[in-house]
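# Fold and geometry: a report
These are the residues of each chain, in order.
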Amino acid sequence: MVTVYNFWKLGGFKNIHNIMVHNFNTFGPIYREKIGSYDSVNIINPEDAAILFKAEGHYPKRFRVEPWTSYRDYRHREYGVLLKDGEDWRSNRVVLNKEVIAPKVQCNFVPLLDEVGQDFVGRIYKKIERSGQRSWTVDLHQELFKYALESVGSVLYGERFGLLQDHIDPEAKRFIDSITVMFKTTTPMLYIPPGLLRRLGSRVWTEHVEAWDVIFNQADRCIQNIYRELRTSKREDTVDQGKYPGVLANLLMLDKLSIEDIKASITELMAGGVDTTSTTLLWTLYELSRNTDLQEELRAEVLTARQASQGDLILMLKSVPLLKAAIKETLRLHPVAVNLQRYITEDIVMQNYLIPAGTLVQLGLYAMGRSHRIFPHPEMYRPSRWLRSESQYFRSLGFGFGPRQCLGRRIAETEMQLFLIHMLENFRIEKQNKVKVQSTFELILVPERPIVLTIRPL
Ligand code: HEM
Ligand code: 2DC
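Residues numbered from 1 in each chain as written. Chains lettered and ligands numbered in written order. Predicted model: local features only at pLDDT ≥ 70, side-chain atom pairs only at ≥ 80, totals over all residues. Heavy atoms only, no water.

## Overview of the overall build of the protein chain
Along its length, the protein chain carries 19 helices and 11 strands. Relative to the globule expectation of 23 Å for 458 residues, the C-alpha radius of gyration of the protein chain, 22 Å, shows essentially globular dimensions. For the protein chain, with 458 residues in total, the buried portion stands at 56%. Put simply, the protein chain shows about 20,200 Å² of open surface, and 52% of that area lies on carbon and sulfur atoms. Distance between charge centroids for the protein chain: 3 Å, based on 60 positive and 54 negative side chains. (Helix = DSSP H or I, 4+ residues; strand = E, 2+ residues; numbered from the N terminus. Rg over C-alpha atoms; globule rule 2.2 N^0.38 Å. Buried < 20%, exposed > 50% of the residue type's maximum accessible area, 1.4 Å probe, protein only. Areas by Shrake-Rupley, 256 points an atom, 1.4 Å probe, with all protein chains shown as cover. Lys, Arg positive; Asp, Glu negative; His and termini not counted. Charge placed at Lys NZ, Arg CZ, Asp CG, Glu CD.)

Here it is, written out as structure tokens:
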């Protein structure tokens, strides 16, 4: 049993990832933890992860983020695929899978995301020009938020928001800020029932509601636009012309999910698509600035792939294994999710303990990525480890696993690959100083301080 005292002493929520590392060092590869009503068994080994995911059952269930479900109950909004469970989850997820994560949808996403990538590079050249220097030194996180929202928006709605232009719509900025606030205000409520906070009229709960309100209202507006266009058959014309109309229009035309279900999941995809990919890209640029030889190696791979693929982007994306390994490597050291969780549906044995069905089992993703026993020289950023014979068995789990894994995975991967391709083709990324940046837990793991980089045309 880990005491609440220990938890606070080691820095509480913000430091939860390091506390988990500490706990595995103290208690070994399996330990039980009770924080208030949050009772879990924690594991770190890939072999145990394999056992866990074999016992996840037909309707894999994660730990329920109560502030998120409470908000929807409070505002009488439908749960999307993120929060649904059981048969309701499965039937929605099956329909969404075909439009969002099936391998064949990638060819629809690539041209859209590539255009966003090109615009991002164009924007940086402009900034460099305006700086009056031959480079731009900046904390890119706001720019990356815009890139990520522009990307996920273009795929969901089949059209551009225009966030990479000079004048950004203040509503878009408000949307982006609200997602950050939504994540931040979730953490203090993870272990305290939001129903209680609500009755106490607590500040965090109010802020949390306000943030979700902005998110849902803006998503509603985007959804209404497409819906109206479809009814006046403006969208159908684009389909007739063979143009990809976007995930939302396809779902509406397919008519397999209720409008409320579609709205709920599209909103979750829109909100889930901003901080996740942008943070991962920022960490990747940070690592590339610290490993200049690797950066050159990646650039060489990209330039060769560009030449060989002769304008065929799908082929190009198949020819950049080291780049893909770099993204895996970023997620090893800087995972978005501190852990993966499942309620197991059958009794299992791990490390000689019998764990009964119904238990919440958590795989410490951050701790696993930094374990000496699991990854040789874990402190080194070395993408090539994913290309060699080192075992990869249940080690690359940044997007989760199985039928409940990240629904946005294909969008995220394509978006990040294209981003890095364009950046490497155009700029050298240099670091401003030597300080090592740590992670901090704001529901997702994010850099604890600004990462300032210098971007210089090749
Ligand atoms: C779920 C990671 C980007 C939407 C998840 C989960 C993880 C994750 C670990 C839980 C999976 C599990 O329990 O097995 C990431 C990472 C991303 C990323 C590392 C980027 C680097 C995105 C994007 C979107 C998105 C871009 C939306 C376009 C979702 C949704 C779920 C989810 C809707 C819930 C799926 C379900 O419950 O069926 N993500 N994610 N994510 N993610 Fe992502
Ligand atoms: C946070 O103890 C720590 O992908 C908790 O795109 C357990 C927990 C449960 C669910 C996890 C969450 C953690 C981290 C953030 C995740 C979330 C499931 C999906 C979500 C991993 C590990 C995320 C970021 C989604 C969010 C989409 C949404 C906000 C609309």
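That was the structure; now back to the text.
## A look at the site of ligand 1
Not every one of the 27 residues close to ligand 1 is listed here, only the nearest: Arg 62, Arg 93, Arg 342, Arg 404 and Cys 406. At a separation of 2.5 Å, an oxygen atom of ligand 1 approaches a polar side-chain atom of Arg 62. With respect to ligand 1, the backbone of Val 81 contributes an N or O atom lying 3.4 Å from an oxygen atom. Per-element tally for the shell around ligand 1: the top contributor is helix 14 (residues 275–290), with three residues. Each residue belonging to the shell around ligand 1 can be placed in one class, and the counts come to 14 nonpolar, nine polar and four charged. (Near = heavy atom within 4 Å. Polar contact = N/O pair within 3.5 Å; in protein donor to acceptor, adjacent residues only side chain to side chain. Nonpolar A, V, L, I, M, F, W, Y, C, P; charged D, E, K, R; others polar.)

## So, the coordination of the iron atom of ligand 1
Within the protein, just one atom coordinates the iron atom of ligand 1: Cys 406 (SG), at a distance of 2.4 Å. Here Cys 406 lies in the loop between helix 18 (365–369) and helix 19 (409–426). (Donors = N, O, S within 2.8 Å, 3.2 Å for Na, K, Ca; no water.)

## Looking at helix 8 (residues 170–186)
For helix 8, built from 17 residues, the straight-helix expectation of 24 Å at 1.5 Å per residue is met to within 8% by its first-to-last C-alpha distance of 24 Å. Among the residues of helix 8, Ala 172, Phe 175, Ile 176, Ser 178, Ile 179, Met 182, Phe 183, Thr 185 and Thr 186 are the ones counted as buried. Of the residues that open helix 8, the one with a side-chain oxygen 3.0 Å from the backbone nitrogen of Glu 171 is Asp 169. (Expected span 1.5 Å × (residues − 1).)

## Some words on the pairing of strand 11 (residues 452–457)
Of the strand pairs in this sheet, strand 3 (residues 136–139) and strand 11 are connected by four bridges, and their pairing is antiparallel. Of the residues in strand 11, the one forming a bridge with Asp 139 is Val 452. Pairing between strand 8 (residues 427–431) and strand 11: five bridges, direction antiparallel. If you follow Glu 430 over to strand 11, its bridge partner there is Thr 454. (Pairing = 2+ DSSP bridges.)

## Digging into the sheet that holds strand 7 (residues 360–364)
The strand order across the open sheet formed by four strands is 1-2-7-4, and the pairing between neighbours is mixed. What marks the edges here is a single partner per strand, and that holds for strand 1 (30–35) and strand 4 (339–343). Ignoring which end each strand starts from, the neighbouring axes of this sheet average 30 degrees apart. Inspection of the sheet shows strand 2 (residues 38–43) paired to strand 7 by three bridges, in the parallel sense. Along strand 7, the bridge assignment pairs Asn 42 with Gln 362. Across the sheet, helix 2 (residues 16–27) is in contact with strand 1, strand 2, strand 4 and strand 7; its angle to strand 1 comes to roughly 130 degrees. (Axes fitted to C-alpha atoms, helices over the stretch in contact; angles between N-to-C directions. Contact = heavy atoms within 4.5 Å.)

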